[in-house]
Amino acid sequence: MAKAQRIALGIDIGGSGVKGAPVDLDKGEMLLDRHKIETPQPSTPRAIGEVVAQIAEFFADDIPEDAPIGITVPGVVQRGVVRFVGNIDQEWVDYDGDTHFEQLIGRPVHLINDADAAAVAESRYGAARGRDGLVIVTTLGTGIGAGLVYDGVLIPNAELGHLIMNGEKAEARAASSAKDREDLSYEEWATGRLQPYYEYVENLLWPDLFVVGGGVSRKSDKFLPLLRLRTPIVPAELRNNAGIVGAAAVAADYAAGKKVG
Ligand code: BGC
């Protein structure tokens, strides 16, 4: 008999959209196009929970009845409980998303930080596959997300976008939102903002590899070659799907009793 396909649903909660798709966990690929719904405002856990339930319903015929759901959150998540959020409603703080969403949807659910999900995806299926040592996956967007993986094991909730540099939060100066807001050229952004940021992080943690994700990584050839670092730095391979794929993978591990973030 053919081996059953391992499938989980990945859902990515962002400031502007909630996106989800079923994921083939053997390949680390989405099985269908993403279904996207605008992030409700205010973006409370209850309002987003309804959107998550709609996305699960949308794919109900495409996934096994007991397929787990992995959900990314743009904030700190400890064992399924949200502890801090930046860009969504503050009602999320101390919300036990795993328990509440499981009750709402009737499937195993696991919440995880968005950059941690991306790091798991890149480490299992993408730019950091097979890499030993410390890999730091950063996502450049509204903020800076960071996911640390050491020898394939996730070290969750490294809030490296919140490092204070020259009296300011690093992400306020170096995220791609700062580039847009201040209308910086790729060169200004790379040399003036990303260079000091990655230098600071490499001197703190001495990683073996940096992987750079987030929407702007599509244009990585315009800024990564300008950086002068000791650590190799490469673009993410799963791009904007890394959150969905990684969340699905971690949720499947969780449902199988392996706690990984
Ligand atoms: C949050 C992180 C998140 C990152 C990317 C930061 O502002 O503190 O938890 O991973 O944004 O969304």
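How each quantity is defined
- Residues numbered from 1 in each chain as written.
- Predicted model: local features only at pLDDT ≥ 70, side-chain atom pairs only at ≥ 80, totals over all residues.
- Heavy atoms only, no water.
- Salt bridge = Lys/Arg side-chain N within 4 Å of Asp/Glu carboxyl O.
- Helix = DSSP H or I, 4+ residues; strand = E, 2+ residues; numbered from the N terminus.
- Buried < 20%, exposed > 50% of the residue type's maximum accessible area, 1.4 Å probe, protein only.
- Pairing = 2+ DSSP bridges.
- Axes fitted to C-alpha atoms, helices over the stretch in contact; angles between N-to-C directions.
- Contact = heavy atoms within 4.5 Å.
- Near = heavy atom within 4 Å.
- Polar contact = N/O pair within 3.5 Å; in protein donor to acceptor, adjacent residues only side chain to side chain.
- Areas by Shrake-Rupley, 256 points an atom, 1.4 Å probe, with all protein chains shown as cover.
- Nonpolar A, V, L, I, M, F, W, Y, C, P; charged D, E, K, R; others polar.
- Domains from an automatic or database assignment.
- Buried area = accessible area lost by both parts, 1.4 Å probe.
- Parallel < 35°, antiparallel > 145°, perpendicular 65-115°, else oblique.
- Patch = residues over 30% accessible without salt bridge, like charges linked within 9 Å, V, L, I, M, F, W, Y side chains within 5 Å.

### Observations regarding the pattern of salt bridges
Tallied over the full model, the rule gives six salt bridges. Linking Asp 26 and Arg 6 is a salt bridge whose minimum nitrogen-to-oxygen distance equals 3.2 Å. Here Asp 26, found in the loop between strand S2 (17-24) and strand S3 (29-30), pairs with Arg 6, found in the segment before strand S1 (7-13); they are 20 residues apart in sequence, far enough to count as distant. A residue is classified by how much of its surface remains accessible, and Asp 26, at 42% relative accessible area, is partly exposed. Among the salt bridges present, the one from Asp 94 reaches Arg 83, with a minimum N-O distance of 2.9 Å. Of this pair, Asp 94 sits in the loop between strand S7 (81-85) and helix H2 (97-105) while Arg 83 sits in strand S7; the two residues are 11 residues apart in sequence, bridging distant segments of the chain. For Arg 83, a relative accessible area of 39% corresponds to the partly exposed category. The structure contains a network of salt bridges with shared partners spanning Arg 124, Asp 253 and Lys 258.

### A short note on the sheet that holds strand S15 (residues 233-235)
An order of S11-S10-S9-S14-S15 is seen for the five strands of this open sheet, with the pairing classed as mixed. Strand pairing shows two members of the sheet lacking a second neighbour, strand S11 (153-155) and S15, which therefore form its edges. Between one strand axis and the next, the sheet turns through 30° on average, direction left out of account. The sheet strands contacting helix H3 (residues 114-125) are strand S9 (134-140), strand S10 (144-150), S11 and strand S14 (209-213), and the helix crosses S10 at an angle near 45°.

### Structural notes on the site of the ligand
The full set of residues close to the ligand is Pro 74, Gly 75, Phe 84, Asn 113, Asp 114, Ile 144, Gly 145, Glu 159, His 162 and Glu 171. In the environment of the ligand, an oxygen atom lies 2.5 Å from a nitrogen or oxygen atom belonging to the side chain of Asp 114. Between the ligand and His 162 there is a distance of 2.7 Å, counted from an oxygen atom to a side-chain nitrogen or oxygen. Protein burial of the ligand: of its 310 Å² of free accessible surface, 93% is covered by the chains. Counted by class, the shell around the ligand contains three nonpolar, four polar and three charged residues.

### Some remarks on the environment of Pro 40
With respect to the secondary-structure elements, Pro 40 resides in the loop between strand S4 (35-38) and helix H1 (45-58). Look past the residues within four positions of Pro 40 in its chain and what remains in contact with it is Ala 47, Ile 48 and Val 51.

### Details of the domain arrangement of the chain
The domain boundaries assigned to the chain delineate domain 1 (7-116 + 241-255) and domain 2 (130-236). Taking only C-alpha atoms, the centre of domain 1 and the centre of domain 2 are 24 Å apart. In total, about 730 Å² of surface goes out of reach between domain 1 and domain 2, with carbon and sulfur atoms giving 54% of it. By the criterion of area lost to domain 2, the three top residues of domain 1 are Val 76, Ala 115 and Asp 116, representing 60% of everything that side buries. Scanning the region where domain 1 abuts domain 2 turns up two residue pairs in polar contact (both at pLDDT 80 or more). Counting only elements with at least two residues in the side of domain 1 that touches domain 2, the list comes to strand S6 (75-78), strand S8 (109-113) and H3.

### Looking at the packing of H3 against helix H7 (residues 242-255)
Between H3 and H7, whose axes approach to 7 Å, the crossing angle comes to 85°. Between H3 and H7, the angle is such that the two are roughly perpendicular. Between H3 and H7, the contacting residues are Ala 117, Ala 118, Val 120, Ala 121, Glu 122, Arg 124 and Tyr 125 on the first element and Ala 242, Gly 243, Val 245, Gly 246, Ala 247, Ala 249, Val 250 and Asp 253 on the second. Residues that form the contact of H3 with H7 fall into these classes: 10 nonpolar, two polar and three charged.

### Quick word on a nonpolar patch on the surface
On the surface, a nonpolar cluster with roughly 250 Å² of combined accessible area is contributed by Tyr 200, Leu 204 and Leu 205. With respect to the secondary-structure elements, Leu 205 resides in helix H6 (residues 186-205). Given the relative accessible area of 31%, Leu 205 is considered partly exposed.

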